[in-house]
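The chain contents come next:
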Amino acid sequence: LLSPVFYHRCFAAKDYKTAKVGIIISVCFWVVCDIFTTLGGMYARAYMGEVNPADGYLLYALKILPDGFKGLFLASMICTVFSALDSFLLLASSVIYHDLPNVSKSQSQIYKAASMVLVVIATVVASSFFGDRIEIAILSLQSIFLSVLFIPILLGILFKPVVSDAQFSYLVSINLAISMLWGIFGFNDYINVFYIGSAVN
């Protein structure tokens, strides 16, 4: 509901029917992949006993796969990471670029490149705060943006908008600042930021 990737894919569809069929197919693949991932983790625990959950799936695959398939498995994992990273960076830069004021054709390429550079820098800076704890980074960022956007977007879908785009941006910016400060100062350990952002909304 909140992921920009979801809307990006839907808007790229030829028509409503194509988007609907695509969503159904994607959900089916999502369920199958999650089942395989969960079963793989369970088999890893049963096969190797006590193992770090973050490494269990990878270590289990390297233990049971023959040499040729080990390389294929590692290559597929790397491709998955890079394809997701490339998709999100491209989407983020496109959103920033299209939200900028109208620019001339001669300046469009410069703005596109600047948007991509800005997103890469922001990603590196954000990741430096979490080190190798990628799951903490994902959960923290999801909690913040969920708290900021969930109620406004849900109300916008169910009812007619009652505020202008400028007012919406202003309110969301204030909520985002409060939610980020709540997480930075460690109050999230006592009350989840989702409830704070929802209350501000």
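Just so we're clear, the structure is a prediction, and the values are computed from it rather than from any experiment.

Student: Lay out the overall build of the protein chain with the relevant residues and their values.
Tutor: Counting secondary structure elements, the protein chain contains 8 helices and 0 strands. For the protein chain, the spread of C-alpha atoms along the three principal axes comes to 60 × 45 × 35 Å. In the protein chain, buried positions account for 15% of the 201 residues. Long-range pairs, those at least 24 residues apart, make up 46% of the contacts in the protein chain between residues at least 6 apart in sequence. In the structure as shown, the protein chain presents an accessible area of about 15,300 Å², 72% of it carried by carbon and sulfur atoms. Seen as two clouds, the 11 positive and the 11 negative side-chain charges of the protein chain have centres 12 Å apart.

Student: Summarise a nonpolar patch on the surface; cite the residues concerned and give the values.
Tutor: There is a patch of nonpolar side chains on the surface, built from Phe6, Ile23, Val27, Trp30, Val31, Val32, Ile35, Phe36, Leu39, Met42 and Tyr43 and spanning about 1,100 Å² of accessible area. Of all the elements, helix H2 (residues 16–48) adds the most residues to the nonpolar patch, at 10 residues. Within the fold, Leu39 resides in helix H2.

Student: With reference to specific residues and values, describe the confidence of the model for the protein chain.
Tutor: On average, the protein chain scores 80 in pLDDT, and the residues at 70 or more come to 90%. Between the elements of the protein chain, mean pLDDT differs from a low of 72, seen in helix H5 (residues 105–128), to a high of 90, seen in H2.

Student: Describe the packing of H2 against helix H3 (residues 53–64), and please don't skip the residues or the numbers.
Tutor: Across the interface, H2 lies against H3 with an axial gap of 9 Å and an inter-helix angle of 70°. One element, H2, and the other, H3, form an angle in the roughly perpendicular class. Residues Phe36, Thr37, Gly40, Gly41, Tyr43, Ala44, Tyr47 and Met48 of H2 touch H3, and the partners they reach there are Gly56, Tyr57, Leu59, Tyr60, Lys63 and Ile64. Split into classes, the residues belonging to the contact of H2 with H3 amount to 9 nonpolar, 4 polar and 1 charged.

Student: Quick rundown of the environment of Ser164? Include the residues and the values.
Tutor: Inspection of the secondary structure assignment puts Ser164 in the loop between helix H6 (134–158) and helix H7 (165–184). Put simply, Ser164 and Cys79 are 85 residues apart on the chain and 41 Å apart in space, counted from C-alpha to C-alpha.

Student: Account for H2, with residues named and values stated.
Tutor: Look at H2: 48 Å from first C-alpha to last across 33 residues, which is about the 48 Å you get at 1.5 Å a residue. What H2 keeps buried is the set Ala19, Gly40 and Ala44. In this structure, the buried residues of H2 make contact with helix H1 (4–11) and H3. In this structure Asp15 caps H2, since a side-chain oxygen of it lies 3.3 Å from the backbone nitrogen of Lys17. Phi turns positive, to about 75°, at Gly49, one or two residues after H2.

Student: Break down the packing of H7 against helix H8 (residues 193–200) for me, with residues and values.
Tutor: Packing of H7 against H8 brings their axes to within 10 Å, and their N-to-C directions diverge by 155°. Judged by the angle between their axes, H7 and H8 are roughly antiparallel. The handedness of the crossing between H7 and H8 comes out as right-handed. Residues Asn175, Ile178, Ser179 and Trp182 of H7 form the contact with H8, whose own contacting residues are Val193, Ile196, Gly197 and Val200. The residue inventory of the contact of H7 with H8, partitioned by class, reads 5 nonpolar, 3 polar and no charged.

Rules behind the numbers
Here, residues in each chain are numbered from 1, in the same order as that chain's written sequence. With pLDDT at 70 or above as the cut-off, local features in this predicted model cover only qualifying residues; side-chain atom pairs require 80 or more to be listed or tallied, and sums for whole chains, interfaces and linings still use all residues. In computing side-chain values, all of the structure's heavy atoms are included and hydrogens and water are not. Numbering of helices and strands runs from the N terminus; a helix is a DSSP stretch of H or I covering at least four residues, while a strand is a stretch of E covering at least two. Exposure classes here rest on a 1.4 Å probe applied to the protein chains alone. A residue is buried below 20% of its type maximum, exposed above 50%, and partly exposed in between. Here, residues are in contact when the closest pair of their heavy atoms is within 4.5 Å. Accessible areas in this description were obtained via Shrake-Rupley with a 1.4 Å probe; residue shielding takes into account the shown protein chains only. In this charge count, Lys and Arg are treated as positive and Asp and Glu as negative; neither His nor the chain ends contribute. Where a charge lies is defined by one atom per residue type: Lys uses NZ, Arg uses CZ, Asp uses CG and Glu uses CD. Within the patch definition used here, like charges are joined within 9 Å and nonpolar side chains (Val, Leu, Ile, Met, Phe, Trp, Tyr) within 5 Å, considering only residues with over 30% relative accessible area and no salt bridge. Salt-bridge detection follows one rule: a side-chain nitrogen of Lys or Arg within 4 Å of a carboxyl oxygen of Asp or Glu. On a range of 0 to 100, pLDDT expresses the predictor's confidence in each residue. To get an axis, fit a line to the C-alpha atoms, keeping to the stretch in contact for a helix; angles then go from 0 to 180 degrees between the N-to-C directions. Oblique is the label for every angle not falling under 35 degrees (roughly parallel), over 145 degrees (roughly antiparallel), or within 65 to 115 degrees (roughly perpendicular). Ten residues, namely Ala, Val, Leu, Ile, Met, Phe, Trp, Tyr, Cys and Pro, are considered nonpolar, four, namely Asp, Glu, Lys and Arg, are considered charged, and the remaining ones, Gly among them, are considered polar. Multiply 1.5 Å by the residue count of a helix minus one, and that product is the helix's expected span. Under the rule applied, a polar contact is a pair of N or O atoms within 3.5 Å (in protein, one hydrogen donor and one hydrogen acceptor; residues adjacent in sequence only if both atoms are side-chain atoms). For any helix crossing, the convention is left-handed if the near helix is rotated counterclockwise from the far helix by under a right angle, and right-handed if that rotation is clockwise.

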